[in-house]
Amino acid sequence: MLYLVEHFYSIQGEGRYTGRPSLFFRFGGCNMRCEGFGCRETAPDGAAVTGCDTVYAVDRAHFGTRWLCIEHRDELITILKSYDLPEGADIVMTGGEPLIYADNAVFVAFVEYLVASGRRVTFETNGAMPVNFERFPVYRQCIFALSVKLANSGEPFARRVRPAAFVPIAAHAKESFFKFTIDRDSIGENMEHEIDGITAYAPQLEVFCMPMGGSRADIEANTEAVVGFCKARGYTYSDRLHIRIWDKNKGV
Ligand code: SF4
């Protein structure tokens, strides 16, 4: 059993495959909370909840009544087929943190189906959940966008930086890259030092940096600083195209 929050066909808004037509499956639950990102949502019971820009896929206590309970792989396949996707469309598994289900039989069976169907599958992950490549070799054929969280997430270091989880992913997946969320106020020596420390574990991976924020105004406020940071450090700037285009709207 697992929780599905939403699914939608759009374009990838972040990272190496920005612009690619992609079907998103957003799974419910996360091993973090990231209140430092400061996004606010109103829960169905009227409570104001603070977290990341997908707090509605993180906080089961407040938003779980809207989540769909999935008990069999075929339920996900039925959703997939309902989109009648063109051959080249990608599949993006996101959340919350999709890899909290990395050992889940329904989840693994769906990933196996997708890969066997010739789909390119990307996991948007915080890089803190281990993946068992021995037991589930299908993950070797997937792509992992490793959004390891920085101090600006508000999460304690030991919870957010877990080399024991992301180093094996970098070693065994067919492709992976780092993707950091940056705000202008955090740019400075400490952030550089922190990113150096994380990337040193997998120096072969490309590093993308993108502006923090859950609204167009937020990311616009951080964009120039992040561009300057990328220029100074030799990283690749990643926009957040879906927010740039659709602002706070969900499911696009
Ligand atoms: S790890 Fe990602 S999904 Fe989880 S709370 Fe942080 S930003 Fe949100």
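This text goes with the structure placed above it.
Keep in mind it's a predicted model, so treat the numbers as computed, not measured. (Residues numbered from 1 in each chain as written. Predicted model: local features only at pLDDT ≥ 70, side-chain atom pairs only at ≥ 80, totals over all residues. Heavy atoms only, no water.)

Draft legend 1. Quick peek at the overall build of the protein chain. Looking only at helices and strands, the protein chain features eight helices and eleven strands. For 252 residues, the compact-globule estimate of 2.2 N^0.38 gives 18 Å, and the C-alpha radius of gyration of the protein chain, at 17 Å, lies within 12% of that figure. Considering only C-alpha atoms, the protein chain reaches an extent of 50 × 45 × 35 Å along its principal axes. Of all intrachain contacts in the protein chain linking residues separated by at least 6 positions in sequence, the fraction that spans at least 24 positions is 69%. Total accessible area computed for the protein chain in this model is approximately 11,100 Å², and 49% of it derives from carbon and sulfur atoms. (Helix = DSSP H or I, 4+ residues; strand = E, 2+ residues; numbered from the N terminus. Rg over C-alpha atoms; globule rule 2.2 N^0.38 Å. Contact = heavy atoms within 4.5 Å. Areas by Shrake-Rupley, 256 points an atom, 1.4 Å probe, with all protein chains shown as cover.)

Draft legend 2. The arrangement of the packing of helix H2 (residues 73-82) against helix H3 (residues 105-116) in detail. Taken N-terminus to C-terminus, the directions of H2 and H3 make an angle of 40 degrees; their axes are 8 Å apart at the nearest point. It follows from the interaxial angle that H2 and H3 lie oblique. The interaxial crossing formed by H2 with H3 has right-handed handedness. Residues Arg-73, Leu-76, Ile-77, Leu-80 and Lys-81 of H2 lie in contact with H3, whose contacting residues are Val-106, Ala-109, Phe-110, Tyr-113 and Leu-114. Per-class residue counts for the contact of H2 with H3 are eight nonpolar, no polar and two charged. (Axes fitted to C-alpha atoms, helices over the stretch in contact; angles between N-to-C directions. Parallel < 35°, antiparallel > 145°, perpendicular 65-115°, else oblique. Left-handed = near helix turned anticlockwise from the far one by under 90°. Nonpolar A, V, L, I, M, F, W, Y, C, P; charged D, E, K, R; others polar.)

Draft legend 3. Representation of the environment of Pro-21. Relative to the elements of secondary structure, Pro-21 occurs in strand E2 (residues 21-27). Residue classification places Pro-21 among the partly exposed residues on the basis of a relative accessible area of 27%. Not counting chain neighbours up to four residues away, the residues in contact with Pro-21 comprise Tyr-9, Ser-10, Ile-11, Ala-89 and Asp-90. (Buried < 20%, exposed > 50% of the residue type's maximum accessible area, 1.4 Å probe, protein only.)

Draft legend 4. Structural context of the site of the ligand. Taken together, Cys-30, Met-32, Arg-33, Cys-34, Phe-37, Cys-52, Thr-54, Val-58, Gly-96, Asn-126 and Lys-149 make up the full set of residues adjacent to the ligand. Of the pockets mapped on this structure, the ligand occupies the largest pocket. Split into classes, the residues belonging to the shell around the ligand amount to six nonpolar, three polar and two charged. (Near = heavy atom within 4 Å. 1 Å grid on protein atoms, 1.4 Å probe; cavity = no way out; pocket = protein on both sides within 12 Å on 5 of 7 lines; lining within 4 Å. Sits in = over half its atoms within 2 Å of the grid points.)

Draft legend 5. Highlighting the sheet that holds strand E6 (residues 90-94). Spatial strand order, E5-E1-E2-E6-E7-E8-E9-E10-E11: nine strands in an open sheet with mixed pairing. The sheet is open, and its two borders are formed by strand E5 (68-70) and strand E11 (236-237), each paired with just one other strand. Where strand E9 (residues 175-182) meets strand E10 (residues 207-211), five bridges bridge the pair, whose relative direction is parallel. Paired with Phe-180 across the bridge in E10 is Cys-209. (Pairing = 2+ DSSP bridges.)

Draft legend 6. Quick peek at the pairing of E6. Of all five residues in E6, five are buried, a share of seventy percent or more. Burial along E6 is two-sided: Asp-90, Val-92 and Thr-94 facing one way and Ile-91 and Met-93 facing the other are all buried. In this structure, E2 lies alongside E6, joined through five bridges in parallel fashion. Among the inter-strand pairings, Phe-24 is bridged to a residue of E6, identified as Val-92. One ladder, built from three bridges, connects E6 with strand E7 (residues 121-125); its direction is parallel. For Met-93, the partnering residue across the bridge sits in E7 and is Phe-123. Crossover connection from E6 via H3 to parallel E7: handedness right-handed. (Right-handed = clockwise from strand over helix to strand, strands pointing away.)

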